[in-house]
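These are the residues of each chain, in order.
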Amino acid sequence: QMSNSSSITHFLLLPFTDTQQLQLLTFWLFLAIYLAALLANGLIITTIAWHHHLHTPMYFFLLNLALLDLGCISTTVPKAMANSLWDTRDISYTGCAAQLFFYVFFISAEYCLLTIMSYDRYMAICKPLHYGTLLGTRACVHMAAAAWATAFLYALLHTANTFSVPLCQGNALHQFFCEIPHILKLSCSHSYLRELGLMVVSVCFAFGCFVFIVLSYVEIFRAVLRIPSEQGRHKAFSTCLPHLVVVSLFLSSGIFAQLKPPAFSSPSLDVVLSVLYSVVPPAVNPLIYSMRNREIKNAM
């Protein structure tokens, strides 16, 4: 048992399995996913950057999304791979703080960006004549910068708050990376009122973005259904489909992980779920976007 957080020099992460052979199997599995994510997101970034005809708002935001996906998966997976390979559980105190900060930063920036992308689709389909003027280069850069800056402040706030709470319940985290709820479980003080305040801020932020996305899509569907030709409807809808799938994947995995009933809770299931919402989306997003997109395929 640790007396207070100042004496904690490292945390122990949850291993995926207890046997050495399965640890190595996890390492290879994670390596495959990680390389696939690096390759797919890297391809999207270079393709959009190189081809001038892809320098449009939609692809500019997609490039940002690919950068965030790379950051997100690079925050959690390499450390988990190293731990599986060397059969350790350690992560240093500062390493844990950095991991938590970057994870919250990339995830919340991605959420902001997905919200902006729904606005982009709304403008393209519902207000096509004003699209070029309202979503010019400067507007797009400002919106992306606002998403990154908001996420940076949000992550800073959460990290500072989480690590200012005294910890006295040992140093073992029941998660394969440093995540806020698992660190707070080690807390011994009743200063979770501050965390509650932050949670309220988080819920408002998450709910605000969610409502914005839903309203955008309600308008989009109404506009698409008003298009007279079957082909026109199909074309308009197919530009939104990848975004809709990515948003659904992002939200459903996150919501289920946070709100699952305690009866379903077991350490192994929690780890599988956390892999589903932290590792799978960054690897799958580029596939979702490029599979349906002829322009990106041709450019590649």
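Residues numbered from 1 in each chain as written. Predicted model: local features only at pLDDT ≥ 70, side-chain atom pairs only at ≥ 80, totals over all residues. Heavy atoms only, no water.

Per an unreviewed UniProt entry, the recorded name for the protein is Olfactory receptor, and the organism is Ceyx cyanopectus. Of the protein, the UniProt comment under Subcellular location (unreviewed entry) reads exactly: "Cell membrane". (UniProt positions renumbered as here; feature names shortened; annotations may be inferred.)

From N to C terminus, the protein includes 11 helices and two strands. Scanning the protein from its N terminus toward the C terminus, one meets helices and strands in the order β-α-α-β-α-α-α-α-α-α-α-α-α. Taken over C-alpha atoms, the radius of gyration comes to 21 Å for the protein, in line with the 19 Å a tight globule of 300 residues would show. A principal-axis box enclosing the C-alpha atoms of the protein has dimensions of 70 × 45 × 40 Å. Sequence-distant contacts in the protein: of pairs separated by 6 or more residues, those separated by 24 or more amount to 77%. Total accessible area computed for the protein in this model is approximately 15,200 Å², and 72% of it derives from carbon and sulfur atoms. Across the protein, the centroid of the 15 positively charged side chains sits 11 Å from that of the 12 negatively charged ones. (Helix = DSSP H or I, 4+ residues; strand = E, 2+ residues; numbered from the N terminus. Rg over C-alpha atoms; globule rule 2.2 N^0.38 Å. Contact = heavy atoms within 4.5 Å. Areas by Shrake-Rupley, 256 points an atom, 1.4 Å probe, with all protein chains shown as cover. Lys, Arg positive; Asp, Glu negative; His and termini not counted. Charge placed at Lys NZ, Arg CZ, Asp CG, Glu CD.)

So, about helix H10 (residues 280-291). One turn of the α-helix equals 3.6 residues, which is why residues spaced by three or four share an orientation. Taking 1.5 Å of rise per residue, 12 residues should cover 16 Å, and H10 covers 17 Å from first to last C-alpha, within 8% of that figure. Of all the residues in H10, the buried ones are Pro281, Pro282, Ala283, Asn285, Pro286, Ile288, Tyr289 and Ser290. (Expected span 1.5 Å × (residues − 1). Buried < 20%, exposed > 50% of the residue type's maximum accessible area, 1.4 Å probe, protein only.)

In this section: the packing of aromatic side chains. Throughout the structure, instances matching the rule amount to 20 aromatic pairs. Considering the side-chain rings of Phe101 and Phe152, the 5.5 Å spacing of their centres and the 85° angle between planes classify their relative orientation as edge-to-face. With Phe101 in helix H3 (residues 93-126) and Phe152 in helix H5 (residues 137-163), this pair connects stretches of sequence that are 51 residues apart. Residue Phe101 is classed as buried on the basis of its relative accessible area, which comes to 11%. In this structure Phe152 comes out as partly exposed when scored by relative accessible area, which is 39%. Aromatic pair Tyr119 and Tyr122: ring centres 6.4 Å apart, planes at 35°, arrangement tilted. Highlighted residues: Tyr119 and Tyr122, both in helix H3, separated by three residues, approximately one helical turn. Since its relative accessible area comes to 25%, Tyr119 is described here as partly exposed. Here the aromatic residues Phe101, Phe102, Phe105, Phe106, Trp148 and Phe152 are joined through ring pairs into a cluster of three or more. (Phe/Tyr/Trp six-rings, centres within 6.5 Å; stacked < 30°, edge-to-face > 60°.)

Grouped together as the largest cluster of nonpolar side chains are 85 residues, with contacts concentrated most on Phe11 and Leu62. Looking at this core element by element, the count peaks at 19 residues for H3. Aside from chain neighbours lying at most four places away, what touches Phe11 is Arg89, Asp90, Ile91, Tyr93, Cys96, Phe163, Leu167, Asn171, Leu173 and Leu186. (Core = buried A, V, L, I, M, F, W, Y, C linked by side-chain atoms within 4.5 Å.)

Its boundaries defined by the atoms lining it, the second largest pocket holds a volume of some 690 Å³. Lining the second largest pocket are 24 residues, and of these Met58, Lys235, Ser238, Thr239 and Glu295 sit closest to its centre. Where the lining of the second largest pocket is concerned, the elements lending two or more residues are helix H2 (57-86), H3, helix H8 (230-259) and helix H11 (294-299). It is H8 that contributes the most residues to the lining of the second largest pocket, nine residues altogether. When grouped by side-chain class, the residues that make up the lining of the second largest pocket number nine nonpolar, nine polar and six charged. (1 Å grid on protein atoms, 1.4 Å probe; cavity = no way out; pocket = protein on both sides within 12 Å on 5 of 7 lines; lining within 4 Å. Points joined across faces, edges and corners; volume = space filled by probe spheres on them. Nonpolar A, V, L, I, M, F, W, Y, C, P; charged D, E, K, R; others polar.)

On to the packing of helix H1 (residues 20-50) against H2, then. With their axes 9 Å apart at the nearest point, H1 and H2 run at an angle of 160° to one another. Regarding the angle of H1 to H2, the classification is roughly antiparallel. H1 and H2 meet at a crossing whose hand is left-handed. Taken together, the residues of the contact of H1 with H2 break down into 24 nonpolar, six polar and one charged. (Axes fitted to C-alpha atoms, helices over the stretch in contact; angles between N-to-C directions. Parallel < 35°, antiparallel > 145°, perpendicular 65-115°, else oblique. Left-handed = near helix turned anticlockwise from the far one by under 90°.)

Right, let's get into the confidence of the model for the protein. Here the protein shows a mean pLDDT of 84. Residues at 70 or above account for 92%. Residue range residues 1-5 is modelled with pLDDT below 50. Its contacts to residues more than four positions away, or to other chains, number 16 contacts. (pLDDT = per-residue confidence, 0-100.)

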